[in-house]
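# Structural features, examined
Chain by chain, the residues:
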Amino acid sequence: MEPLTPHQQLETAECLAWIGSRVGADAGLTRYRLAKEVCERFAWRDTRGRLKEMACRKRLVALERRGKIALPPARREPPRRRADQTPAPVWPEMSCALGDLGVITLQPVDRGTAASETWHAMMASHHPLGAGPLCGAQIRYLITSQRYGAVGGLSVSAAAWRVGVRDQWLGWDDAKRAANLQGVVCNSRFLILPSIRVKHLGSHVLGQLARRIAGDWQQRYATAPWLMESYVEATRSGTVYRAANWIEVGMTAGRGRQDRAGTGGLPKKRVFLYPLSRPTLKRLCGRPAPPLPGWVRREFGGAKLGDRRLEARLLQLGTAFFAQPQANIPQACGSPAAVKAAYRFFDHDRVTMDALLEPHHQATIDRMRRESVVLVAQDTSSLCYTMHPEMQGIGPISNRVNGPQGLMVHSALAFRPDGLPLGILDIECWARDPSEFGKSKQCNAKPIEIKESFKWLRALGPIGDAAARCPSTRIITLADREADIFEYLHEARTRGLDVVVRGKEKKRALKGELQRLGMHMHLRPKAGTIELQVPRHGRQPARTAELSVRFDEVTLRPPHGKSDLAPIRMWAVLTREEAPPNGVKEPLQWLLLTTVPVTSLADAIERVQWYARRWGIEVFHRILKSGCQIEERQLGTADRLEACLAIDAVVAWRIHYLTWLGRATPDLPCTVAFEEDQWKAVIVFKTRKPPPEQPPSLRQMIRSIAQLGGFLARKSDGEPGTQTLWRGLQRMDDITAAFRSFRTAYAMPP
C-alpha cells in the first residue's frame, strides 16, 4: 500500500483529534504556529527541504470551513473588497517633455494608507487587469512627479512557476527552476495614466525600477532577485519595455495558473525579461542562447501549420532570410541539414502562402488599430523566371505569349500617412494561362469576375475585413490608373470603403453634364497650388514640382452595356504641372477620383498627398525583387515559390519598415528594433573600441548599418535608402556572428 500524502494524513481521525487537543490546550496558539507544528509532525517539506507552511495553513482553513476542526482566531480580518463609496480621484492631465515633470520617484505603497487607496483606484480605473489580487510576495509603487503628484503605478510580485519560453531561454529544467525561481520577480502591473502624454516617461520609470527593486526586495523578503519578468498582451507591441532594454524571448502558451487540464484558453502574451545581475545570471544559468528577434515571433509566431516543428522552422527561416536578404537558400541556412529542412518545409502540403502570412496579417491589423488614418496601397508586379525553364506552374508575364515567363503578384500594403509601412494586408500570386492570350477583343463581353482585373475587387475583401476590425481607424485604399474600373469603384461604394484612384478614363460620361470627365475638370477654376516632392526616375533627378489644383464633385455614369450598375457620386481632383522645368519630357498630371469628400483646397491637397504615398508599394516590390532576390529562388514549382514568397514578402516589409522608422522616430533607442549583440558588434567593428553602456539612437544605428552597405553619410546624402540598408544588414549578421563567436572563445563577459 502506498504511503499517505501529507494532505491525506491531515484528514485522518488521529490527526484531527491531535489538532483539536493542541488548540484546546494552548490558549496562545496562533494559526501560523499550528501550521508549522503540523508540517514538522508530518515532514511536509518542498524539494529544497523547507516547511510548506503556507500550503498547510490553506488546508487547515479549508478543514475549518467544512466543520472538521476549530482553529485559533485569526489575528486580523482578511482584507475586504473596497466599496465604491468615495468619488473617483481627479487625475492630472498633461502633454509635455519629461523634464517638465520635475523629479520622478517611485513611492512604495503600504497597506491601509492613502497611497494604497490611490494605487487601487488608479489600477481599477485604467489597468486591463485591475488592482489585483497580486500573487504571493509583492511590492507596490506609485509613480510620482515632483510637480504633479501621482502619474502612474506599478507592482512587482512573485514570478510565474512555469513559463516555457523563459525556462528555455535560461536553460532551466524542473530541478534548476525549483532551486532558483525565488530569484525571479514579476513586474505584474505597470500603468502610466492615459491622461499623461510624456515621451520617454515609461522607459525612465522602468530604469528606476531596475535600479532599486533588488534592494527593496532584499529588505522586505531577505532575498535579492537577479531577474525580472513581465507579460504584455499579444495585441500590444511592448515598445516601452524594448526601449528600457528588456529582452523579448517569446510568447506564452495561453495557459493560466488554474489551467490544470492544459486547455490553453487564455490570450497569449509576450514574455519580456530583464537581468538585474548578469554575474548571477551567468552563474546560475550559463550563457543564455540568443533569442530569436522579437519581430520574427510577432510576424510569424502562431502560424497554424499543424506541427510545432513546422512552426519552429518558419521562425528559423524568417530569421535567416532577414539576416542575409540577398543570399540564396543554402547561404542563408548555413548548413546542409538546415538547407534540406528548408526545402522539405516549402514542399509540405500545409505550408501555404495564406497560412504563413496569417500571423503577419493579425500583427498588421494590430498596428493599424493605433492609427486614426491608414492608407492601403494596391499594386501589381511580376516575377520573372525565364532563366529557370524547368520551373513548373509559371506563365507569360508580358503581352506576348512566348515572351518572359514567371508569376504575377498583386499586393495590398498598409501605410501611415507619413509613409511608415505597417504591414501586408493581402498578397495574391498566380500564373497567366497562355491559352487566354489573343482574346482581348472579347474582353468587354466577359464578366469582371473572370478577368484578371478582378484582382482589384478581390483585394477589397481583406481590406474590408481589416476595416471592420479597426472601427476607430479610417482606411483609404490607393490605386493607380489600372484600377480605374467602374466595377471597382462601384464595389468600393457598395462595401462602404474609401478609395483614391488615379483616373485613366478621362472620357467618362458624367450625369447631368455635357462635357466628359477630363474636359469638365480642365474647365474648373484653379483653387490653388501645391508643391510635391518627385523622386528620381531614370535619368531625371529628384525635384520639387509645383502643381495647380482643381476639384469638383461629379457623378459617374456607368459605361455602355453596364446599365445594371448605378451611377457613382465621387469627387475629382486634377493636379497639373503647368510650367515644368527644362529637360522634363512629361509634366506631372494626376486626375484623382475619390469617395472621400473634397470641399476645400486643404482637402484636395490632402488627397494628393495621400496618393503620393502609393509610391511606397513600388519600393516594397523593388525590395522584394532586388533586395530579397525572390527571382533567384530555385524551388522547382510555383507552389513552393509562393510559400517562399510569403517569408520574403514579410522580410521586404521589415527592411522597408526599418528604413522609415529611422526617419520617423530617430530618437528612440535602437533596442526597439535590434538585439544587444547586434548594436554592440556594429559599434565595435566601426570604432575598434568597447561598446558604450547606453545603446545608440535608432537613427544612428540605421545609418551605421547603411554605411556597411555603402552609404557614405555625407551631409548632402540625406538619410539612407532601402538598398544600402539591405546590403548592410547582410554584413551586420556576419559581424554579429563573429562577435558572439569571439566572445565565447575568449570567455569575455556579455
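Our structure is the block above this text.
Scope of this entry: the structure provided in the associated data block. Here the structure is a predicted model, which is why all the values come from computation and not from measurement. (Residues numbered from 1 in each chain as written. Predicted model: local features only at pLDDT ≥ 70, side-chain atom pairs only at ≥ 80, totals over all residues. Heavy atoms only, no water.)

Looking now at the sheet that holds strand β8 (residues 247-251). Pairing is mixed across the open sheet formed by seven strands, whose spatial order is β2-β3-β4-β5-β7-β9-β8. In this open sheet, the two strands that pair with only one neighbour each are β2 (104-109) and β8. If you compare each strand with its neighbour and ignore which way they point, the axes differ by 30° on average. Relative to strand β9 (residues 269-275), β8 is paired through four bridges, and the arrangement is antiparallel. Looking at the pairing, isoleucine 247 lines up with leucine 273 of β9. (Pairing = 2+ DSSP bridges. Helix = DSSP H or I, 4+ residues; strand = E, 2+ residues; numbered from the N terminus. Axes fitted to C-alpha atoms, helices over the stretch in contact; angles between N-to-C directions.)

Think of an α-helix as 3.6 residues a turn; residues three or four steps apart then line up on the same face. If you check helix α4 (residues 53-65), its first and last C-alpha atoms are 18 Å apart, about what 13 residues at 1.5 Å a residue would give, namely 18 Å. Those residues of α4 not exposed but buried are Glu53, Cys56, Leu60 and Leu63. Mapping the buried residues of α4 onto a view down its axis gives an arc of 80°, with all of them on the same face. Every exposed residue of α4 that faces more than 90 degrees away from the buried side is listed here: Met54, Lys58 and Arg65. The positive-phi residue at the C-terminal boundary of α4 is glycine 67, with phi of around 80°. (Expected span 1.5 Å × (residues − 1). Buried < 20%, exposed > 50% of the residue type's maximum accessible area, 1.4 Å probe, protein only. Arc of directions from axis to C-beta.)

Moving on, we get to the packing of aromatic side chains. Scanning the entire structure with this criterion turns up eleven aromatic pairs. Each ring, one from tryptophan 172 and one from tryptophan 226, has its centre 6.1 Å from the other, and the planes form 80°; the classification is edge-to-face. Linking tryptophan 172 in the loop between α6 (164-170) and α7 (174-180) with tryptophan 226 in the loop between α8 (201-221) and β7 (227-233), this pair joins segments that are 54 residues apart in sequence. Neither tryptophan 172 nor tryptophan 226 differs from the other in exposure class; each is buried. Seen in terms of ring centroids, tryptophan 590 and tyrosine 611 are 4.9 Å apart; in terms of plane orientation they differ by 80°. Their pairing is edge-to-face. Of the two residues, tryptophan 590 sits in strand β19 (residues 589-594) while tyrosine 611 sits in helix α19 (residues 601-612), which places them 21 residues apart along the sequence. Grouping residues by exposure puts tryptophan 590 and tyrosine 611 together as buried. What links up through ring pairs into an aromatic cluster is the set Phe190, Tyr241, Trp246, Phe272 and Tyr274. Taking the ring centre of tryptophan 119 as reference, the NZ or CZ of arginine 140 above it sits at 5.1 Å. A cation over a ring is seen here: arginine 177 above tryptophan 161, with NZ or CZ 5.0 Å from the ring centre. (Phe/Tyr/Trp six-rings, centres within 6.5 Å; stacked < 30°, edge-to-face > 60°. Lys NZ or Arg CZ within 6 Å of the ring centre and 35° of its normal.)

This part is about the pairing of strand β17 (residues 543-556). Here seven bridges tie strand β16 (residues 528-534) to β17, and the two strands are oriented antiparallel to one another. Bridge pairing in β17 places glycine 528 opposite valine 549. Here β17 runs beside strand β18 (residues 568-576); their pairing, made up of nine bridges, is antiparallel. Residue pairing across strands places glutamate 553 opposite tryptophan 571, the latter belonging to β18.

A few words now on unusual backbone geometry. In terms of backbone geometry, most residues other than glycine have negative phi values and most peptide bonds are trans. At arginine 688, a position not held by glycine, the phi torsion is positive, near 60°. Examined against the element boundaries, arginine 688 turns out to sit in the loop between α22 (676-687) and α23 (698-708). Among the residues examined, arginine 688 registers a relative accessible area of 63% and is labelled exposed. Of note in this structure, alanine 713 is not a glycine but carries a positive phi near 60°. Along the chain, alanine 713 falls in the loop between α23 and α24 (722-745). Classification of alanine 713 by relative accessible area gives partly exposed; the value is 27%.

This part is about the side chain of serine 157. Tracing the backbone through its elements, the reader meets serine 157 in strand β4 (residues 149-158). Taking relative accessible area as the criterion, serine 157 reaches 3% and is therefore assigned buried. Side-chain polar atoms of serine 157 contact the side chain of serine 188, separated by 2.9 Å. Non-local contacts of serine 157, meaning those with residues more than four positions away in its chain, are made with Leu134, Cys135, Ala137, Gln138, Val185, Cys186, Ser188 and Trp217. (Polar contact = N/O pair within 3.5 Å; in protein donor to acceptor, adjacent residues only side chain to side chain. Contact = heavy atoms within 4.5 Å.)

For helix α21 (residues 638-664), spanning 27 residues, the distance from its first C-alpha to its last is 37 Å, which sits close to the expected 39 Å at 1.5 Å a residue. Most of α21 is tucked away, with 21 of its 27 residues classed as buried.

Another point: the packing of helix α3 (residues 31-42) against α4. Closest axis-to-axis distance for the α3/α4 pair is 9 Å, and the angle between their directions is 110°. Judged on the interaxial angle alone, α4 and α3 are roughly perpendicular. Here Arg31, Tyr32, Leu34, Ala35, Lys36, Val38 and Cys39 of α3 lie close against α4, whose contacting residues are Glu53, Cys56, Arg57, Leu60, Val61 and Glu64. Among the residues forming the contact of α3 with α4, the class breakdown is eight nonpolar, no polar and five charged. (Parallel < 35°, antiparallel > 145°, perpendicular 65-115°, else oblique. Nonpolar A, V, L, I, M, F, W, Y, C, P; charged D, E, K, R; others polar.)

Here we take up the pattern of salt bridges. Per the counting criterion, the structure on display carries 41 salt bridges. Residues glutamate 248 and arginine 270 are paired through a salt bridge, measuring 3.6 Å at the closest nitrogen-oxygen approach. Of this pair, glutamate 248 sits in strand β8 while arginine 270 is found in strand β9, placing the two residues 22 residues apart along the sequence. An identical accessibility class is assigned to glutamate 248 and arginine 270; each is buried. Here arginine 524 and aspartate 552 are joined by a salt bridge, their closest N and O atoms 4.0 Å apart. Of the two residues, arginine 524 sits in the loop between α18 (517-522) and β16 while aspartate 552 sits in strand β17, which places them 28 residues apart along the sequence. (Salt bridge = Lys/Arg side-chain N within 4 Å of Asp/Glu carboxyl O.)

A word on the side chain of glutamate 299. Structurally, glutamate 299 is set in helix α11 (residues 294-300). In this structure the side chain of glutamate 299 is engaged in a polar contact, spanning 2.9 Å, whose partner is the side chain of arginine 367. Beyond its immediate chain neighbours, meaning those up to four positions away, glutamate 299 contacts Pro359, His360, Ala363, Arg367, Val650 and Trp653.

With that out of the way, let us pick up the nonpolar core. Ranked by size, the top nonpolar core spans 117 residues in total, and within it Phe345, Phe346, Ile647 and Phe674 carry the most contacts. Looking at this core element by element, the count peaks at 16 residues for α21. (Core = buried A, V, L, I, M, F, W, Y, C linked by side-chain atoms within 4.5 Å.)

Attention now moves to the environment of leucine 547. Along the polypeptide, leucine 547 turns up in strand β17. Residue leucine 547 is classed as buried on the basis of its relative accessible area of 1%. Sequence separation of leucine 547 and glutamate 676 is 129 residues, and the distance between their C-alpha atoms is 47 Å. Every residue in contact with leucine 547, bar those within four places of it in the chain, is listed here: Gly528, Thr529, Ile530, Leu532, Thr575, Arg576, Glu577 and Leu588.

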